[in-house]
Amino acid sequence: MRWAGPLEDERFARIRFENEGHVYFIDDRRAPQSGTGVLKDRFHFDPWAIVRKFYEKWAADADSPYFQTIADHYDEHGNGHLDAMAAIVDGWAAKGELAAPAGTAMHADIENYAQGKYDYVLDPGVDFSPELRQYVAVAATLGAQGWTVVGVEVLIFYEMQDAVDDGLIIFAGAIDMLLRHADTGQYRMIDHKRVPRKKGKLLGAEFGRPWPFEMAGAPFDALGNNSSHKYAAQLNLYAYALKHRYGIDCDGRLDLLQMHEDLDRGHLIRVPDLRDSIAKLVDIEAARLRSHPEYASFCLKR
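Here the structure is a predicted model, which means the values were calculated and not measured.

Visitor: Would you mind going over the side chain of Ser 277 with me for this structure?
Guide: Positionally, Ser 277 belongs in helix 8 (residues 275-290). Note on Ser 277: relative accessible area 19%, which makes it buried. Dropping the residues within four chain positions of it, Ser 277 is found in contact with Pro 219 and Phe 220.

Visitor: Is there a simple way to think about the sheet that holds strand 6 (residues 187-194) in this case?
Guide: Remark on secondary structure: sheet strands pair via backbone hydrogen bonds, oriented parallel or antiparallel. With respect to topology, 5 strands assemble into an open sheet ordered 4-5-6-7-8, the strand pairing being mixed. Two strands close off the open sheet at either side, each with one partner strand: strand 4 (147-159) and strand 8 (267-270). Averaged over all neighbouring strand pairs, the angle between strand axes comes to 35°, with direction disregarded. In the sheet, strand 4 pairs with strand 5 (residues 169-181) via 11 bridges, with the strands oriented antiparallel. Its bridge partner being in strand 5, Val 149 is matched across the sheet by Leu 179. On top of the sheet, helix 6 (residues 131-144) reaches strand 4, strand 5, strand 6, strand 7 (254-259) and strand 8; it is set at about 145° to strand 7, its chief contact. In the packing of helix 7 (residues 227-246) onto the sheet, contacts are made with strand 4, strand 5, strand 6 and strand 7, and the angle to strand 4 comes to roughly 85°.

Visitor: Looking at this structure, I do not really get helix 6. What am I missing?
Guide: For an α-helix, the turn length of 3.6 residues means that residues three or four places apart are oriented alike. When the terminal C-alpha atoms of helix 6 are compared, their 20 Å separation across 14 residues agrees well with the 20 Å that a helix rising 1.5 Å per residue should span. Among the residues trailing helix 6, Gly 146 stands out with phi positive, at a value near 105°.

Visitor: What is the right way to look at the confidence of the model for the protein chain in this model?
Guide: Caution is warranted with low-pLDDT regions, since their predicted coordinates should not be read in detail. In the predicted model, the protein chain carries a mean pLDDT of 89, and the fraction of residues at 70 or more is 92%. The least confident element of the protein chain is helix 1 (residues 10-13), whose mean pLDDT is 76; the most confident is strand 7, at 98.

Visitor: Explain the pattern of salt bridges to me, please; I cannot follow it from the model alone.
Guide: Where charged atoms from two side chains of opposite charge approach closely, those side chains can pair. Per the counting criterion, the structure on display carries 16 salt bridges. Put simply, Asp 28 and Arg 29 hold a salt bridge, and the shortest N to O gap is 3.7 Å. Given the relative accessible area of 62%, Asp 28 is considered exposed. The partner of Lys 193 in a salt bridge is Asp 191, and the shortest N-O contact between them spans 3.3 Å. On the accessibility criterion, Lys 193 (14% relative accessible area) is buried. Asp 191 gets classed as buried once you look at its relative accessible area, which sits at 9%.

Visitor: How should I be thinking about helix 7 in this particular structure?
Guide: In a regular helix each residue adds 1.5 Å, so 20 residues correspond to 28 Å; helix 7 covers 27 Å between its end C-alpha atoms and thus fits that length. A large share of helix 7 lies buried, amounting to 16 of its 20 residues. A distance of 3.3 Å separates the backbone nitrogen of Ser 228 from a side-chain oxygen at the start of helix 7, and that oxygen is part of Asn 226. Within two residues after helix 7, Gly 247 carries a phi angle of roughly 70°, on the positive side.

Visitor: What exactly am I supposed to notice about the packing of aromatic side chains here?
Guide: Each aromatic ring pair is described using two quantities: the centre-to-centre distance and the angle formed by the ring planes. Inspection of the entire model under this criterion finds 12 aromatic pairs. Relative to Phe 213, the ring of Phe 54 has its centre 5.5 Å away and its plane inclined at 80°; by these criteria the two rings are edge-to-face. Taken together, the positions of Phe 54 in helix 3 (residues 47-60) and Phe 213 in the loop between strand 6 and helix 7 put the pair 159 residues apart, joining distant regions of the chain. For Phe 213, a relative accessible area of 38% translates into the label partly exposed. Geometrically, the ring pair formed by Tyr 113 and Tyr 135 is edge-to-face, given 6.2 Å between the ring centres and 80° between the ring planes. Of this pair, Tyr 113 sits in helix 5 (residues 81-114) while Tyr 135 sits in helix 6, and the two are 22 residues apart along the sequence. Just as Tyr 113 is buried, Tyr 135 falls in that class too.

Visitor: Whenever I open this one, the environment of Ala 279 confuses me. Can you help?
Guide: Take Ala 279: it is sitting in helix 8. For Ala 279 and Phe 43, which are 236 residues apart along the polypeptide, the C-alpha to C-alpha distance reads 17 Å.

Parameters at a glance
- Per chain, residues are indexed from 1 in the order of the written sequence.
- Only residues with pLDDT of at least 70 get local features here, since the model is predicted, and only at 80 or more are side-chain atom pairs given and counted; chain-wide, interface and lining totals rely on the full set of residues.
- Here the side-chain values reflect all heavy atoms present in the structure, with hydrogen atoms and water set aside.
- In this description a helix means any DSSP run of H or I spanning at least four residues, a strand means any run of E spanning at least two, and both kinds are numbered starting from the N terminus.
- Three labels apply to residues, based on accessible area from a 1.4 Å probe with only protein chains included: buried if under 20% of the type maximum, exposed if over 50%, partly exposed otherwise in between.
- Whether two residues are in contact is decided by their heavy atoms, any of which lying within 4.5 Å being enough.
- The rule for pairing is simple: two strands pair if DSSP sees at least two bridges between them.
- Note on geometry: axes are lines fitted to C-alpha atoms, helical ones only across the stretch in contact, with angles between N-to-C directions running from 0 to 180 degrees.
- Helix span, expected: 1.5 Å multiplied by one less than the number of residues in the helix.
- Per-residue confidence from the predictor is given as pLDDT, running between 0 and 100.
- Every case where a carboxyl oxygen of Asp or Glu lies within 4 Å of a side-chain nitrogen of Lys or Arg is listed as a salt bridge.
- We define a polar contact as two N or O atoms separated by no more than 3.5 Å, with the added condition that, inside protein, one atom must be a possible hydrogen donor and the other a possible acceptor, whereas residues neighbouring each other in sequence contribute only through side-chain atom pairs.
- The criterion for an aromatic pair is that two Phe, Tyr or Trp rings (for Trp, the six-membered ring) have centres within 6.5 Å, with stacked assigned to planes under 30 degrees apart, edge-to-face to planes over 60 apart and tilted to the rest.

Here's what the structure looks like:
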């Protein structure tokens, strides 16, 4: 399954992305935030809060991956616990820094392959991200089912559609992959994630199940504050923009494609439909941005 060509719509041409500063521009207006920025405070990761919550449990469990780190930092008088906590937090940060370039390489390889820029046969001697082979296998299955890629790294934005008619930009972002079915004309969105199994579980294991820890922020306060729900919210946010601004309706066909060199294959995971919460989120953000000191600079009609 390869790229069918760019989406022919002038609205997709109005937006550009500048890597320096990670900024989106629509015409000459800077978007006030990205899609991930909209969700950042609703699904926040507080490493210190997590460490404090589970520290005693980890310290008492010899099978915990942090047991030795804790043992190495405190003495018989109980001193050094803060240092042990800091070591755990620093370890997480270091893993994130190592993972970021690998994720960037995976996205670039998939984009180039989908657009037909790679004309070689995939083999162990070629220098590409390990996850590309997993993508190719999933793409073959999707292609056999009638799905065709119609856009990769599709830049989109959403401006308010209400009586104020100010063209207020709410957010901008990039869709990893947009597909259309050859027979039905239906659209489907896929978000590529380079994530290993965690405690033996794939992304989405939390969907539809009670969450015993901190909940996400409003209007997602019925969801657990975890990566799976954050990714689901982001897909739904972009689907909202596609439908209400570009007239492209994925109608709930939103998937995570989880890949990682430690997985046996790529896994497609359907995310829950959050369109009602997204509609509330857009209204909340519109009210917030309209009270912002730089409000006029976020509007396409002012």
